[in-house]
Amino acid sequence: MSDLDFYIVDVFAIDKYSGNQLAVFPEAGELPIAQMQQIAKEINFSESTFITGPPSAGAYPVKIFTPALELPFAGHPTLGTAWVIQQQLGQLLEMVELEYTAGRIPVRFNYDRGQPEVLWMEQRPPEFCGDLSADQLAPVLQIDPADIDARYPISQVSTGLPFIIVPLQSLAAVQKAQLQLDAYYQLIAGLQAQSILIFCLQTLHPENHLHVRVFTHALGIPEDPATGSANGCLAAYLVRNGYQGQRSINWQVEQGYEIDRPALLYLRADPHKVEVGGRVVLVASGRWHC
């Protein structure tokens, strides 16, 4: 097989070398699934994406792989892949649609001086898949049950990929949390959600609304620097539970600071729609020798 073009971008970036890294292969239609997985493992980013053909009924078919497995949907790969498509076409597109196993996701563009500024994806309608207790999550996160904000539930939520959403009382609690892996794998064995998002109102930067961490060991990623799918679930959770009295939000979220990949995500949500936005920065491009 001939060599393939690829791009490396940082998504939910504050500047270059921040946010979440992504490799995008725009012309991967001839690649076997097993080779896509091998490439994703070789790159070893949280995810890599492969555009497997031209648009069908207006949407580009895309596959997403972590170093360990294929995903039905993920957030930062959606924004990064849409950005690469727009750059390759060289047009001021209003929207690009991507087709995943989980369904079709539209991505809309805002431009500044002819270049994409913030990209917004509209995620699928949220599904709430059951609640868990503080006594179940505290030993997994190696925190005290009192560190968990008892005013709000611990919920499994999906907007295409399920996550356990855990509200914590303080920034200190978020920062000290670490997975106890035996307890973690015991917990998720019987659950739809395999990954955990923890969050609090205290932030490192006053302009932001929430501080977030996401643990995704089961997907082959110990901690994710910026997680669009999880933050979409978080946005839906906040609205459903009237977090801080809000039934709609337009908030900024900081993530990735604990692993030295600071990221900024924008959340917009109401009872009818969940959107997650962020910036994309090109880092590199080249040829992959197949």
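Refer to the structure above for everything that follows.
Here we summarise the structure given alongside this text.

What counts as what
Residues numbered from 1 in each chain as written. Predicted model: local features only at pLDDT ≥ 70, side-chain atom pairs only at ≥ 80, totals over all residues. Heavy atoms only, no water. Helix = DSSP H or I, 4+ residues; strand = E, 2+ residues; numbered from the N terminus. Rg over C-alpha atoms; globule rule 2.2 N^0.38 Å. Buried < 20%, exposed > 50% of the residue type's maximum accessible area, 1.4 Å probe, protein only. Contact = heavy atoms within 4.5 Å. Lys, Arg positive; Asp, Glu negative; His and termini not counted. Charge placed at Lys NZ, Arg CZ, Asp CG, Glu CD. Salt bridge = Lys/Arg side-chain N within 4 Å of Asp/Glu carboxyl O. Phe/Tyr/Trp six-rings, centres within 6.5 Å; stacked < 30°, edge-to-face > 60°. 1 Å grid on protein atoms, 1.4 Å probe; cavity = no way out; pocket = protein on both sides within 12 Å on 5 of 7 lines; lining within 4 Å. Points joined across faces, edges and corners; volume = space filled by probe spheres on them. Core = buried A, V, L, I, M, F, W, Y, C linked by side-chain atoms within 4.5 Å. Axes fitted to C-alpha atoms, helices over the stretch in contact; angles between N-to-C directions. Arc of directions from axis to C-beta.

1. Some points on the overall build of the protein
And step 1. A count of helical and extended segments in the protein gives 6 helices and 18 strands.
And step 2. The globule rule puts the C-alpha radius of gyration for 290 residues at 19 Å, and the 18 Å found for the protein is close to it.
And step 3. Its C-alpha atoms put the protein at 55 × 40 × 35 Å along the principal axes.
And step 4. The burial tally for the protein puts 55% of its 290 residues in the buried class.
And step 5. Look at the contacts in the protein between residues 6 or more apart in sequence, and 63% of them connect residues 24 or more apart.
And step 6. Taking the average location of the 17 positive side-chain charges in the protein and that of its 30 negative ones, the two points are 4 Å from each other.

2. A short note on the pattern of salt bridges
And step 1. Within the structure shown, the criterion is met by 13 salt bridges.
And step 2. As a salt-bridge pair, Arg108 and Glu122 come within 3.8 Å of each other at their nearest N and O atoms. A residue pair is termed long-range when its members are at least 10 positions apart, and Arg108 in strand S7 (residues 103-112) and Glu122 in strand S8 (residues 115-122) qualify at 14 residues.
And step 3. Classification of Glu122 as partly exposed rests on a relative accessible area of 25%.
And step 4. Connected through shared salt-bridge partners, Glu97, Glu99 and Arg104 make up one network.

3. A closer look at the packing of aromatic side chains
And step 1. For the structure shown, the criterion picks out 13 aromatic pairs.
And step 2. For the pair Phe199 and Tyr237, a centre-to-centre distance of 5.9 Å together with 80° between the ring planes defines the contact as edge-to-face. Of this pair, Phe199 sits in strand S12 (residues 196-200) while Tyr237 sits in helix H6 (residues 228-240), and the two are 38 residues apart along the sequence.
And step 3. Taking the relative accessible area as the measure of exposure, Tyr237 reaches 0% and is therefore buried.

4. Describing unusual backbone geometry
And step 1. Even without glycine at this site, Asn44 takes up a positive phi of about 65°.
And step 2. With respect to the element layout, Asn44 can be found in the loop between helix H1 (33-43) and strand S3 (47-51).
And step 3. A relative accessible area of 53% means that Asn44 is categorised as exposed.

5. Remarks on the environment of Gln86
And step 1. Along the chain, the position of Gln86 falls in helix H2 (residues 75-89).
And step 2. Judged by its relative accessible area of 3%, Gln86 is buried.
And step 3. Not counting the four nearest positions on each side in its chain, Gln86 is found in contact with Gln91, Leu92, Leu93, Phe109, Tyr111 and Pro116.

6. As for empty space enclosed by the protein
And step 1. For the structure shown, the criterion picks out 1 cavity of 30 Å³ or more.
And step 2. As a volume, the largest cavity reaches approximately 80 Å³.
And step 3. Glu47, Ala74, Asp224, Thr227 and Ser229 are the residues nearest the centre of the largest cavity, which is lined by 16 residues in total.
And step 4. Where the lining of the largest cavity is concerned, the elements lending two or more residues are H2, strand S14 (221-224) and H6.

7. Looking at the nonpolar core
And step 1. In this structure, Phe12, Ile165, Phe199, Leu234 and Leu238 are the most contacted members of the largest nonpolar core, which totals 59 residues.
And step 2. Broken down by element, the residue count for this core peaks at 8 residues, all from H6.
And step 3. Setting aside residues up to four positions removed in sequence, Leu238 forms contacts with Phe199, Leu210, Tyr243, Gln246, Ile249 and Trp251.
And step 4. Within the second largest apolar cluster, 26 residues are counted, among which are Leu171, Val174, Leu187 and Ile198.

8. A look at the packing of helix H3 (residues 134-141) against helix H5 (residues 181-188)
And step 1. Between H3 and H5, the least distance of the axes is 7 Å, while the angle of their chain directions is 145°. Here H3 contributes Gln136, Leu137, Pro139 and Val140 to the contact with H5, which in turn contributes Ala183, Tyr184 and Leu187.

9. A look at the environment of Leu69
And step 1. One can find Leu69 in the loop between strand S4 (59-65) and strand S5 (70-71).
And step 2. Taking the relative accessible area as the measure of exposure, Leu69 reaches 27% and is therefore partly exposed.
And step 3. Apart from the residues lying within four places of it in its own chain, the contact partners of Leu69 are Gln37, Ile64, Ala218 and Leu219.

10. Some details on H1
And step 1. Among all positions in H1, only Met36, Gln37, Ile39, Ala40 and Ile43 are buried. For H1, the angular spread of buried residues about the axis comes to 160°, placing them on one side. For H1, exposure combined with an orientation more than 90 degrees from the buried face picks out Ala34, Gln38, Lys41 and Glu42.
And step 2. Contact partners of the buried residues in H1: strand S2 (20-25), S3, S4, S5 and strand S18 (280-288).
And step 3. Immediately beyond the C-terminal end of H1, within one or two residues, lies Asn44, with a positive phi of roughly 65°.

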